[in-house]
Amino acid sequence: MSETPRESLPVVVIGAGPVGLAAAAHLLERGLEPLVLEAGGGPGAAVASWGHVRLFSPWRYDVDAAARRLLADTGWAEPDPDTLPTGGDLVRDYLTPLAGALGDRVRYGARVTDVARDGADRSRSLGRERRPYLVRYTAGAETREVRARAVLDASGTYGTPNPLGLSGLRAVGEEGAAGHLSGGLPDVLGVDRARFAGRTTLVVGMGHSAANTLLSLVDLAADEPGTRIVWAIRGGSPRRLYGGGADDELPARGLLGTRLRDAVEAGGVELLTRVAIERLDVPARPQDGVRVLGTARQDGVDGALDLCVDTIVNATGFRPDLDLLREIRLDLDPVVEAPRAIAPLIDPNHHSCGTVPAHGETELAHPDDGFYLVGMKSYGRAPTFLLATGYEQVRSVVAALAGDRAAADAVELNLPQTGVCSSDLALAADADGVVPPGALALAEASGGGCCAAPSGPQAVTLGLGAPVEAAGGCGGTTDAPAAQPEPVTAGFATGVGHGRSGDE
């Protein structure tokens, strides 16, 4: 077979989320032709699914630099840089106009199923570096293929949640109980209210997504009698989420953990620790709920878990879908499933958010040249991705693809030392995302977190929070205005340094 020269082909970007569309903007600016394949029906489909959630960072840090330049030529009116958008705002006011500026370079309903080197399986080495990539995708009932000079996989992890089973496997019966499972960020106080009002909900997980849902349920229970809230964690203590104390690098990191702890101590949330879910049984009548079986500790006593609930909120995090990359030669860490060079910095066994240095094409490269995992998927199973990180990743990768090695190697994260990702900022924001001046001092004291919070008036009264692992959207661009506080170019510290290693 004849080989197509790689240089004449487009660069395929998988996923039309914030990082994928930013990659396309950088490619276009560098004179490289992008082709974005998005499984959803529109830009930012995953973001749209948590549209009720407010980011913890204001607009000035949520817009990529190349995307801003592309949009400027279209007459786009940039949102107020100091307000905090919701996921819905991000899609409507930024991603949709950006995708429109890219035009037919973005294809929707295009789900990528396989990526390979054209004419060579994973084991074939001879002439491999000359071969373009073959990207296979489905569009409706049709299977299509496109060849590419390079591939950037920015498909994220939101579509592949971790299972409920303790060993990384689904609990027995988990697939059959799918109708009783919600995603990690249900809109408890909005469109999903009827599903939770006056019912029993089991929230599984110990991240900020779990805290978000739990506090939303506490607010719901105040208005809806009969609403019961059970919280299940696999560790022996929730102190890592509560924050504070000698083990926390940021003892005053915000209100989220404090308010959740208060809700548990007040009896509004039933806490189960050391939970191992082994089996889910669905009764003959689905309206009777789902039976959760396994083991747990309650009030210091270990015993069997036998609980009947209406809905289970699986807030156990996400993992990358690597099946479509079976024929690509990847260099992944065996623990986190992230590129080997960045894995030690984000391993959740040792970091909660941790200090993640700026990194770019060099750290993201794989044995198959021209293939990159970028955005949330580049973090594998680690839940600590920041949007700013993804923007800098694709800027560096695209510079390398364009032959600008100096720009590719000049990586940095230009962020204020505090406040860009502060949970307190989001909690203090009003319904329009405006943060009162007094809240900035609170953010300065707390140092910031890597989270987001539900929008709406209730955010101030309850301090609801949601996760960067699902949002993939708190952080910033590399062109922060000069008037901002001195940037941190080597990364920034947030959260509990010891991660899971500090669990009881």
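Just so it is clear, the structure is predicted and the values come from calculations on it, not from any experiment.

## Let's talk about the sheet that holds strand S7 (residues 142–148)
With respect to topology, three strands assemble into an open sheet ordered S5-S6-S7, the strand pairing being antiparallel. Because the sheet does not close on itself, it has two edges, and the strands there are strand S5 (110–117) and S7. Taken over all neighbouring pairs, the strand axes of this sheet differ in orientation by 25° on average, direction set aside.

## Focus on the sheet that holds strand S17 (residues 371–373)
If you trace the five strands from one edge of the open sheet to the other, you get S4-S2-S1-S8-S17, paired in parallel fashion. Two strands lie at the open edges of the sheet, namely strand S4 (106–108) and S17, each paired on one side alone. Ignoring which end each strand starts from, the neighbouring axes of this sheet average 15° apart. Direction of pairing for strand S1 (residues 11–14) relative to strand S8 (residues 150–153): parallel, over a ladder of four bridges. Among the inter-strand pairings, Val12 is bridged to a residue of S8, identified as Val151. The strands that helix H11 (residues 387–401) touches are S1, S8 and S17; relative to S8, the one it contacts most, it runs at about 175°.

## Here's the deal with the side chain of His180
Checked against the element boundaries, His180 lands in the loop between S8 and strand S9 (181–182). Residue class for His180 comes out buried when judged on its relative accessible area of 9%. Within the local environment of His180, its side chain forms a polar contact with the backbone oxygen of Asp310, the two atoms lying 3.1 Å apart. Once residues within four sequence positions are removed from consideration, His180 is found in contact with Arg195, Val282, Pro286, Gly289, Val290, Asp310, Thr311 and Ile312.

## Some points on the packing of helix H3 (residues 65–72) against helix H4 (residues 87–102)
Interaxial distance between H3 and H4 falls to 10 Å at its minimum, and their mutual angle equals 65°. With respect to their mutual orientation, H3 and H4 come out roughly perpendicular. The element H3 and its partner H4 pack so that their crossing is left-handed. Touching Ala67, Leu70 and Leu71 of H3 are Tyr94, Pro97, Leu98, Ala101 and Leu102, all from H4. For the contact of H3 with H4, the per-class residue count stands at eight nonpolar, no polar and no charged.

Quick notes on the rules
Residues numbered from 1 in each chain as written. Predicted model: local features only at pLDDT ≥ 70, side-chain atom pairs only at ≥ 80, totals over all residues. Heavy atoms only, no water. Pairing = 2+ DSSP bridges. Helix = DSSP H or I, 4+ residues; strand = E, 2+ residues; numbered from the N terminus. Axes fitted to C-alpha atoms, helices over the stretch in contact; angles between N-to-C directions. Contact = heavy atoms within 4.5 Å. Buried < 20%, exposed > 50% of the residue type's maximum accessible area, 1.4 Å probe, protein only. Polar contact = N/O pair within 3.5 Å; in protein donor to acceptor, adjacent residues only side chain to side chain. Parallel < 35°, antiparallel > 145°, perpendicular 65-115°, else oblique. Left-handed = near helix turned anticlockwise from the far one by under 90°. Nonpolar A, V, L, I, M, F, W, Y, C, P; charged D, E, K, R; others polar.

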